[in-house]
Amino acid sequence: MKSDDPVTVLRGVGPRTAAALARLDVATVADLLLHLPSRYQDRTRFVPLAEARIGDACLVRGEIVKADLAHGGRSSLTATFTDGGGFLTMRLFHFSTHQRDQLRPGLWIRCFGEVRGGPAGREMVHPEYRTSRTEPEPPEPTLTPVYPVTSGLTSPRIRLWIGQALDAGAALGGSVLPDEPIPALDEALRFLHRPPANADESAFDAARERVAKDELLAHILLMQQRQALRARHTAGALPRGRGLGRELRRNLGFSLTAAQRRVVTEVLTDLEREQPMLRLLQGDVGSGKTVVAAFAAIRAAEQGRQTAVMAPTEILAEQHHESFSTWLSPLGIDVALVTGRMTAKERRVRRDALAGGETLVAVGTHALIQSTVEFDDLALAIVDEQHRFGVHQRMALRNKGRLPHQLVMTATPIPRTLTMALYADMDVSVIDELPPGRKPVVTRVMPNARRKDAMGRIAAACRQGRQAYWVCTLIEESEALDSQAAENVAAELTAELRGLRVGLVHGRLSGAERGAVMGRFKEGEVDVLVATTVIEVGVDVPNASLMVIENPERLGLAQLHQLRGRIGRGSAQSHCILLFEPPLSDIARARLAVMRETGDGFVIAEKDLELRGPGDVLGTRQTGQQSFRVADLMRDAPLLPGVIALGARLDDRTKATVLATWGTTVEAGYVEV
Ligand code: ADP
Ligand code: MG
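Residues numbered from 1 in each chain as written. Chains lettered and ligands numbered in written order. Predicted model: local features only at pLDDT ≥ 70, side-chain atom pairs only at ≥ 80, totals over all residues. Heavy atoms only, no water.

Here we come to the site of ligand 1. Around ligand 1, the surrounding shell holds 16 residues, and the nearest of these are Gln-260, Gly-286, Lys-289, Thr-290 and Asp-540. One of the backbone nitrogen or oxygen atoms of Ser-287 is found 3.4 Å away from an oxygen atom of ligand 1. In the environment of ligand 1, an oxygen atom lies 2.6 Å from a nitrogen or oxygen atom belonging to the side chain of Thr-290. Starting from 560 Å² of accessible surface for ligand 1 in isolation, the protein chains cover 83%. When the residues that make up the shell around ligand 1 are grouped by side-chain class, the tally is 4 nonpolar, 7 polar and 5 charged. (Near = heavy atom within 4 Å. Polar contact = N/O pair within 3.5 Å; in protein donor to acceptor, adjacent residues only side chain to side chain. Areas by Shrake-Rupley, 256 points an atom, 1.4 Å probe, with all protein chains shown as cover. Nonpolar A, V, L, I, M, F, W, Y, C, P; charged D, E, K, R; others polar.)

Now the structure itself:
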């Protein structure tokens, strides 16, 4: 059996089962071998009945001394058995006539299950059991792995198939890590699937770590390979031109922070090279990433070449269009907005101007990467808030025309260790400083019972000429219900806060309707904006100084941080009220406390990572970004420096072996350049 054989080569795996396995990301025998147990059961020895304690999951055996069919409240079938030293009762609430007839005194029974306290002493309810005429066989020699499952699959079946594959000699080929006193990959996998009874905890850790290391190594090698591949392409150098950048700096009306200046230099230096840039620009909400992007676009425009700026929402695209127009139009650079909500005719005009090369900067949403939009000479692709985009979309833009330089911006602060792993193929710039004069937002956590107080605060802020947000968070995974909740709140606020103008944006409004309300809020014609989390990214209204977030316990910290970043942009002291619904779990309480205590996005991300794990921090589930099979970025982050160093020492042949070993798994989720 070869590791890249499809799972259907296994006995008992037909097309239906294969489809179920696919839901676990298991398509090949190799995938199956890498589907590791989440825990183990100890069935290696019979626990004497006298020692079986309540709460233990254990294997026991004995001779049946009494079998009973109890009626009354809930009828049940019981069989009490003894091993000479103690007694235990097995209880079944659901049973067949066959089972009823089968459980007779004098027979032996062997059970695996959890011991509980019952009406007549210790018992096991619905254990796995087997009867026999003679004393049962000695138990299994290895610990019994319990595998993660999905509907249509059970752990014992998965165990059977993995056993079959191991018995048939299936192996990953075992990449060889030099200088490592740890077992080879296949040995580690074999251990994890069939651990010996006497194995101690540290052996499990070592084996799992061995596999995780290999996966991280393969991942990093793959990224390095892609980076090398990219270096062989050319994007065209964008050298310094007519000094339009200097002109923008004079016109801005503010001076760049030191961090912005540093990052602009990093970006422009990249652009002066022939090779395509791939740079991740990280900066907290409000740190001023947009203007950095504008300097890059100017550099391309000076050479008569085009830039595409992609934003995740129409509102944000419009806002970027406004900023870019304000900054670039006075320099004679034409900026066009391309969104899905334009009429076909408008879009055609814009498209023609892009295809003809008259428009040098296009700002848009996903509409920009639709195949109908052609660029004459795309030199630079800027992707804002990249976590909102899937990898595929990112690549589609990158593939258009020549390989463009690419700048990816994100306000989601990613802890450094994770950056190393996830973006190993990118260069990273960080804006670690906010523009001067920003006051940290004061955050309070209140139970929903104090809703009226929160409304009072809104009334007070608006009386002083300020504006406020009221954010309704997702209650169900349904946009309809979500929007309904926002409508109810808007009605409630309109009734409670007489005289204030209440606006409403939610996902069920058309883009145009939403844009109109946002526009009125920006112009100060709306006092309180009730919104679902659609306002999350980018929206910039400096006069808004108060935000109430309902049910903050339902959101990730990163998302709360993003939301809160909408305020605190002007000169007034801003306040955020987190209006939670009691009771809170300990973790939820700890998380809200983090929000109260710090406004630093990186600290928040680290805490979020601690409290929830990387999948949630990065929103990988929504965006389909790469995730690991065995490696756990939170747990294994400390391994990364060693793995990177190891990768640097490997010769090409070993690298190829490592990559080939994980080829079917690591590459999933990537699109080739
Ligand atoms: P983000 O990094 O969240 O995308 P923006 O680019 O939207 O931040 O910038 C937030 C606001 O700060 C904008 O109104 C922008 O014009 C302003 N801004 C950016 N840089 C500076 C600066 N150096 N000094 C003052 N204001 C700035
Ligand atoms: Mg932004």
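Before going further, it helps to examine the sheet that holds strand E4 (residues 87–92). Strand order in the open sheet made by the 7 strands is E6-E7-E4-E3-E2-E5-E8, with mixed pairing throughout. In this open sheet, the two edge strands, each paired with only one partner strand, are strand E6 (116–118) and strand E8 (128–132). Across this sheet, the average inter-strand angle for adjacent strands is 40 degrees, counted without regard to direction. As paired strands, strand E2 (residues 57–70) and strand E5 (residues 108–114) are joined by 7 bridges and run antiparallel to one another. Residue pairing for E5: Gly-62 is matched across the bridge by Ile-109. (Pairing = 2+ DSSP bridges. Helix = DSSP H or I, 4+ residues; strand = E, 2+ residues; numbered from the N terminus. Axes fitted to C-alpha atoms, helices over the stretch in contact; angles between N-to-C directions.)

With that out of the way, let us pick up the pairing of strand E3 (residues 76–82). Remark: a regular strand shows side chains that alternate across the two faces of the sheet. Counting buried positions along E3 yields 7 of 7 residues, so the element is predominantly enclosed. Burial along E3 is two-sided: the residues Ser-76, Thr-78, Thr-80 and Thr-82 and Leu-77, Ala-79 and Phe-81 are all buried. Of the strand pairs in this sheet, E2 and E3 are connected by 7 bridges, and their pairing is antiparallel. Considered in E3, the bridge of Glu-63 is made with Thr-82. The hairpin formed by E3 and E4 contains 4 residues between the paired strands, and Gly-84 there has a positive phi angle of roughly 95 degrees. (Buried < 20%, exposed > 50% of the residue type's maximum accessible area, 1.4 Å probe, protein only.)

Turning our attention to the confidence of the model for the protein. Per-residue confidence for the protein gives a mean pLDDT of 84, with 88% of residues at or over 70. Taken as a whole, residues 388–396 scores under 50 in pLDDT and shows 25 contacts with residues more than four places along the chain or in a different chain. Low pLDDT, under 50, characterises residues 614–626; the stretch is placed with 35 contacts to residues that sit more than four places away or in other chains. (pLDDT = per-residue confidence, 0-100. Contact = heavy atoms within 4.5 Å.)

With that settled, consider helix H8 (residues 258–271). Compared with an ideal rise of 1.5 Å per residue, which puts 14 residues at 20 Å, H8 spans 20 Å between its outermost C-alpha atoms and is within 8% of the ideal. All of the buried residues in H8 are Ala-259, Gln-260, Val-263, Val-264, Val-267, Leu-268, Asp-270 and Leu-271. Down the axis of H8, the sector holding all buried residues measures 160 degrees, keeping them to one side. The inward-facing, buried residues of H8 contact strand E10 (278–283), helix H9 (289–302), strand E14 (378–384), strand E15 (405–410) and strand E16 (427–431). (Expected span 1.5 Å × (residues − 1). Arc of directions from axis to C-beta.)

Below, the discussion takes up the pattern of salt bridges. What the rule picks out here adds up to 24 salt bridges. Its salt-bridge partner being Asp-377, residue Arg-305 comes within 2.9 Å of it at the nearest N-O pair. Remark: Asp-377 occurs in the loop between strand E13 (361–364) and E14 and Arg-305 occurs in the loop between H9 and strand E11 (306–310); sequence separation between them is 72 residues. Under the relative-accessibility criterion, Arg-305 is labelled buried at 8%. By relative accessible area, which is 23% here, Asp-377 ends up partly exposed. (Salt bridge = Lys/Arg side-chain N within 4 Å of Asp/Glu carboxyl O.)

On to a negative patch on the surface. On the surface, Asp-200, Glu-201, Asp-205 and Glu-209 cluster together into a patch of negative charge. Inspection of the secondary structure assignment puts Glu-209 in helix H6 (residues 201–232). (Patch = residues over 30% accessible without salt bridge, like charges linked within 9 Å, V, L, I, M, F, W, Y side chains within 5 Å. Lys, Arg positive; Asp, Glu negative; His and termini not counted. Charge placed at Lys NZ, Arg CZ, Asp CG, Glu CD.)

It is worth spelling out the packing of helix H7 (residues 244–251) against H9 at this point. Two numbers describe how H7 lies on H9: the axes approach to 9 Å, and their chain directions differ by 145 degrees. For the crossing formed where H7 meets H9, the hand is right-handed. Counting all contacts with H7, which are made through Leu-244, Gly-245, Leu-248 and Arg-249, the residues of H9 involved are Ala-294, Phe-295, Ile-298 and Glu-302. Among the residues making up the contact of H7 with H9, the classes are represented as 5 nonpolar, 1 polar and 2 charged. (Left-handed = near helix turned anticlockwise from the far one by under 90°.)

Moving on to the sheet that holds E11. Taken together, the 7 strands give an open sheet; going across it, the order is E12-E13-E11-E14-E15-E10-E16, and neighbouring strands pair in parallel fashion. The outermost strands of the open sheet, each flanked by one partner alone, are strand E12 (335–338) and E16. Mean inter-strand twist for the sheet, computed between neighbouring axes without regard to direction, equals 20 degrees. As defined by bridge partners, E14 adjoins E15 across 5 bridges and the pair is classed as parallel.

As a further point, take the environment of Glu-606. Of note, Glu-606 is situated in helix H19 (residues 601–612). For Glu-606, a relative accessible area of 37% gives the class partly exposed. Note: C-alpha distance between Glu-606 and Arg-416 (190 residues apart in sequence) is 9.4 Å. Those residues in contact with Glu-606, other than ones at most four positions away along the chain, are Pro-415 and Arg-416.

For the coordinates displayed, the defined rule picks out 3 aromatic pairs. Geometrically, the ring pair formed by Phe-191 and Phe-204 is edge-to-face, given 5.2 Å between the ring centres and 65 degrees between the ring planes. Separated by 13 residues along the polypeptide, Phe-191 in helix H5 (residues 185–193) and Phe-204 in helix H6 bring together distant segments of the chain. By the ring-pair criterion, three or more aromatic residues cluster together here, those being Tyr-40, Phe-191 and Phe-204. (Phe/Tyr/Trp six-rings, centres within 6.5 Å; stacked < 30°, edge-to-face > 60°.)

Bringing the packing of H6 against helix H23 (residues 640–649) into the picture now. Look at H6 against H23: their axes get within 9 Å of each other, and the N-to-C directions meet at 60 degrees. Of the possible angle classes, the one that applies to H6 and H23 is oblique. Read as a crossing pair, H6 and H23 show a hand that is right-handed. Where H6 abuts H23, its residues Lys-213, Leu-216, Leu-217, Ile-220 and Leu-221 lie against Leu-640, Val-643, Ile-644, Leu-646 and Gly-647. In the contact of H6 with H23, the residues fall into 8 nonpolar, 1 polar and 1 charged. (Parallel < 35°, antiparallel > 145°, perpendicular 65-115°, else oblique.)

Now for the nonpolar core. Core analysis: the largest hydrophobic core is formed by 59 residues, its most contacted members being Leu-21, Leu-33, Trp-161, Leu-189, Val-211 and Leu-216. Put simply, the parts of the chain that give this core at least two residues each are helix H1 (15–22), helix H2 (29–33), helix H4 (155–167), H5, H6, E10, H23 and helix H24 (652–666). With 10 residues, the single largest contributor to this core is H6. Ignoring anything within four residues of it in the chain, the contact list for Trp-161 reads Leu-10, Arg-11, Gly-12, Val-13, Thr-17, Leu-21, Leu-32 and Leu-153. Counting 44 residues, the second largest nonpolar core, distinct from the first, contains Ala-259, Met-277, Ala-297 and Ala-311. (Core = buried A, V, L, I, M, F, W, Y, C linked by side-chain atoms within 4.5 Å.)

Our focus in this paragraph is the environment of Gly-304. Relative to the helices and strands, Gly-304 is located in the loop between H9 and E11. C-alpha of Gly-304 to C-alpha of Leu-360: the two residues are 56 residues apart in sequence and 7.3 Å apart in space.

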